[in-house]
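Chain by chain, the residues:
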Amino acid sequence: MTQNEIFELIAKHTKEVVPELENYDFKLTDSLKKLGANSIDRTELMTMMMESMGLDIPRIDLFGAQNIGELVEIFYAKTQSTS
Amino acid sequence: MQKHNQQVELLITGIGITSNIGQCKDSFTSALLKGDSVFGKVQRLGRQLEGKSFLGAEISDLTYPEDFPKRFLRSASFSSSVALVTLKEAWDEAELDNYEPERIGLIVGGSNFQQRHLQQIHQKHQTQPQFLTPTYGFSFLDTDLAALCTEHFAIKGLAYTVGGASASGQLAIIEAAKALQSGQVDICIALGALMDLSAWELQGFRALGAMGSEKYRDEPQKACRPFDQNRDGFIYGENCGAIVLERGNIRNKIKPYAKLTGWALAMDANRNPNPSHEGELKVIQQTLRQARLSSSDIDYINPHGTGSPLGDETELKALKSAKLNQAYINASKSIIGHGLTSAGTVEVIATLLQMKALKLHPSLNLETPIDNSFNWVKEKTIEHKIKKALTLSMGFGGINTALCLEK
């Protein structure tokens, strides 16, 4: 999966969790928290990403990203280490 | 019995209803008075077992208000979504938007009412539990329904659930009345939660012999027949109701539907589903005493009447022992089915809407009543101005409740 595909997947799932962002144009520099996704929403998003990407990894490995771009990098690194 | 403070009148000032025969008061009342039922084989996903089919009445085309929060839809159970929609109707009618949130409470009647929803989640994640939706960690609790309602309507007084099996809906009303009398809140909503049965509970009820209908499996419209000689158990119905109760001295401009003047709760000291003549008679007598009414004052009874062979017979014996044969009596469940946790609230609503319409709804399939000494409303709607009503609920595990409502 490419970094761009991961970014698109994050945008898709974020819209599912926070329907108010349905027409929002996501950017790599966006913070999920600032977009209105609370901690439960973000936990939901991580699980949806793991399921969509087929990643069975500890959730703690996904902590620390400050924006969507950093989250893309974390997921991308996971695909590299598990493929 | 609760000591009733006669100084404080308890008024019902708002109603919300979502049922299998209609959403909102107008369509519900219209279908109820016409006796338009929708019984058939249950279709909702999660209500099928291989080789089995069950009868019931399900809600179709639930309409959400425009301001309904979309993000709730993804994680809310069906019971919770229906509760939010139902509460909205009652909330708006009682004009609660501008009332102090700390003085408003919500009591939800029911426990274990999200069974089908939970079973669907279990099934989906059976092979990959690591991808279970994290909100399951709190949404599996019945209290999530109450929590969603408090968030959406900004309720800050109190909110909790009470479980009393099929008497839960009346139990919620009793707890709301107590919260008003104690002064905890000024306004308290009682909501009978939609019991979302999965195929497992349906099969359990069938195995227990509580649920019909083996006799009428190919004629679903005939299956639900409370108090008729050919009844063979209750038929399930999806329903949810909310009523707004308030102290009579806090607002002047809201015109009430009726006053709640009596309530009673008694246990049979019995874990099993069988009814008790003694327990039922006790709550009838207690609620009449609290309302300071005699049997002859009651002009309408909305009974529990499920279609259970022993339950219906026991209830009529209790009513007869209380000398209540003269009052009009009909069976709401013959039209809307048995909502279990919601039944007590929904049938109070049916009583209030008949009171307002000055009419009594028919009792479907009441061809040969098991006792002809009662004043049955049978196949035809009749004109009647309800002044003083008695409503009853009974639940598995020996719980009996009764309420008095006065115009």
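Engineer: How would you sum up helix α2 (residues 39-53) of chain A? Please name residues and give values.
Structural biologist: Residue and element names in this part refer to chain A. End to end, α2 covers 21 Å across 15 residues, agreeing with the expected 21 Å (1.5 Å per residue, within 8%). Burial in α2 covers these residues: D41, E44, L45, M46, M48 and M49. Taken from the residues just after α2, G54 is the one with a positive phi, measuring 65 degrees.

Engineer: Residues and numbers for helix α11 (residues 309-321) of chain B, please.
Structural biologist: Residues and elements named next belong to chain B. Taking 1.5 Å of rise per residue, the 13 residues of α11 would be expected to cover 18 Å, and the 19 Å separating its terminal C-alpha atoms lies within 8% of that figure. Turning to α11, its buried residues are G311, D312, T314, E315, L316, A318 and L319. In this fold, the buried residues of α11 make contact with α10 (277-291), β11 (300-302) and β16 (388-395). The positive-phi residue at the C-terminal boundary of α11 is K323, with phi of around 60 degrees.

Engineer: Break down the nonpolar core for me, with residues and values.
Structural biologist: A176(B), I243(B) and L245(B) are the most contacted members of the largest nonpolar core, which totals 123 residues. Inspection of this core shows a minimum of three residues originating in each of domain 1 (10-247) and domain 2 (261-406) of chain B. Sequence-distant contacts of A176(B), defined by excluding residues within four places in its chain, comprise G105(B), I107(B), C188(B), I189(B), A190(B) and L245(B). In this structure, I6(A), I10(A), M46(A) and M49(A) belong to the second largest nonpolar core, which totals 14 residues.

Engineer: Any details on the interface of chain B and chain A? Residues and values, ideally.
Structural biologist: Listed as interface residues are 8 residues of chain B and, on the opposing side, 10 residues of chain A. Residue classes in the side of chain B that touches chain A are distributed as 2 nonpolar, 3 polar and 3 charged.

Engineer: Any chance you could break down the sheet that holds strand β4 (residues 55-57) of chain B for me, citing the residues and the numbers?
Structural biologist: Residue and element names in this part refer to chain B. The strand order across the open sheet built from 3 strands is β3-β4-β8, with neighbouring strands paired in mixed fashion. Unpaired on one side and paired on the other, β3 (40-41) and β8 (236-237) mark the two borders of the sheet. Here β4 pairs with β8 via 2 bridges, running parallel. By the bridge assignment, A57 is partnered in β8 with G237.

Engineer: Break down the pairing of strand β17 (residues 399-406) of chain B for me, citing the residues and quoting the values.
Structural biologist: Residues and elements named next belong to chain B. The element β17 is largely enclosed, with a buried count of 7 among its 8 residues. The sheet contact formed by β16 and β17 spans 8 bridges and is antiparallel. Opposite K388, over in β17, you have E406 as the bridge partner. The hairpin formed by β16 and β17 contains 3 residues between the paired strands, and G397 there has a positive phi angle of roughly 90 degrees.

Engineer: Provide a residue-level description of the environment of V17(A), including the pertinent values.
Structural biologist: All names here are of chain A. Here V17 lies in helix α1 (residues 3-17). Assessed through the 22 C-beta atoms surrounding it within 10 Å, V17 is described here as buried. For the pair formed by V17 and N67, sequence separation is 50 residues and the distance between their alpha carbons is 17 Å.

Engineer: An account of unusual backbone geometry is needed here, citing residue identities and associated values.
Structural biologist: All names here are of chain B. Residues other than glycine seldom take positive phi values, yet N112 does so here, at roughly 55 degrees. Among the structural elements, N112 can be located in the loop between β5 (104-109) and α4 (115-125). Taking the number of C-beta atoms within 10 Å as the measure of exposure, N112 has 15 and is therefore partly exposed. Unlike most non-glycine residues, A154 shows phi in positive territory, near 55 degrees. Counting through the fold element by element, A154 comes out in the loop between α6 (143-153) and β6 (158-162).

Engineer: So what's going on with the domain arrangement of chain B? Residues and values would help.
Structural biologist: Residues and elements named next belong to chain B. Domain boundaries assigned for chain B yield domain 1 (10-247) and domain 2 (261-406). Measuring from the centre of the C-alpha atoms in domain 1 to the corresponding centre in domain 2 gives 21 Å. Between domain 1 and domain 2, the contact holds 59 residues from the first and 51 residues from the second. Elements that contribute at least two residues to the side of domain 1 that touches domain 2 include exactly β1 (10-19), α1 (25-34), β4, α7 (168-181), β7 (187-192), β8 and β9 (239-247). Take the side of domain 1 that touches domain 2: its biggest share by element is 8 residues, from α7. Residues that form the side of domain 1 that touches domain 2 fall into these classes: 32 nonpolar, 20 polar and 7 charged.

Engineer: Could you give an account of the environment of G397(B), naming the residues involved and the relevant values?
Structural biologist: All names here are of chain B. Among the secondary structure elements, G397 is positioned in the loop between β16 and β17. Using a count of 16 C-beta atoms within 10 Å as the deciding quantity, one classes G397 as partly exposed. In the structure, G397 is positioned 125 residues away from N272 in sequence and 5.1 Å away in space, judged by C-alpha atoms. In this view, G397 contacts A165 and R271; residues no more than four positions away in its chain are not counted.

Engineer: Before we move on, can you summarise the confidence of the model for chain A with the specific residues and values?
Structural biologist: When the pLDDT values of chain A are averaged, the result is 94; 98% of them are 70 or greater. For chain A, helix α3 (residues 68-82) of chain A is the element with the lowest average pLDDT, namely 92, and α1(A) is the one with the highest, namely 97.

Engineer: With reference to specific residues and values, describe the packing of α1(A) against α2(A).
Structural biologist: Between two packed helices, what matters for the description is the angle formed by their axes and the separation of those axes. Residues and elements named next belong to chain A. The contact between α1 and α2 brings their axes to 9 Å, and the two run at 135 degrees. By the angle between their directions, the pair α1 and α2 is classed as oblique. Crossing of α1 against α2: the hand is right-handed. Contacts between α1 and α2 involve L9, I10, H13, T14 and V17 from the former and D41, E44, L45, M48, M49 and S52 from the latter. Classifying every residue of the contact of α1 with α2 gives 6 nonpolar, 3 polar and 2 charged.

What counts as what
Every residue gets a number counted from 1 within its own chain, in the order that chain's sequence is written. Each chain gets a letter, beginning with A, and each ligand a number, beginning with 1, in the order they are written. Local features are withheld for residues below a pLDDT of 70 in this predicted model, meaning they are given only at 70 or higher, and side-chain atom pairs are given and counted only at 80 or more; totals for whole chains, interfaces and linings count all residues. Helix and strand assignments follow DSSP, with helices taken as H or I runs no shorter than four residues and strands as E runs no shorter than two, numbered in order from the N terminus. Expected span of a helix, by definition, is 1.5 Å for each gap between consecutive residues, and there is one gap fewer than residues. Here a residue counts as buried when 20 or more other C-beta atoms sit within 10 Å of its C-beta, as exposed when there are 12 or fewer, and as partly exposed otherwise, the C-beta atoms being derived from the backbone. We call two residues in contact whenever the C-beta atoms placed from their backbones are within 7 Å. Think of a nonpolar core as buried Ala, Val, Leu, Ile, Met, Phe, Trp, Tyr and Cys residues, each tied to the set through C-beta atoms within 7 Å. Throughout the structure description, domain borders are defined by an automatic or database domain assignment. We call Asp, Glu, Lys and Arg charged. Ala, Val, Leu, Ile, Met, Phe, Trp, Tyr, Cys and Pro are nonpolar, and the rest, Gly among them, are polar. A pair of strands is considered paired only if DSSP assigns at least 2 bridges between the two. The predictor attaches a confidence to each residue, and that confidence, scored 0 to 100, is pLDDT. Only the stretch in contact is used when fitting a helix axis, every axis being a line fitted to C-alpha atoms; angles between N-to-C directions are given from 0 to 180 degrees. Here is the rule for angles: anything less than 35 degrees is roughly parallel, anything more than 145 is roughly antiparallel, 65 through 115 is roughly perpendicular, and the remaining ranges are oblique. In this scheme, a crossing is called left-handed if the near helix is turned counterclockwise away from the far one by less than a right angle; it is called right-handed if the turn is clockwise.

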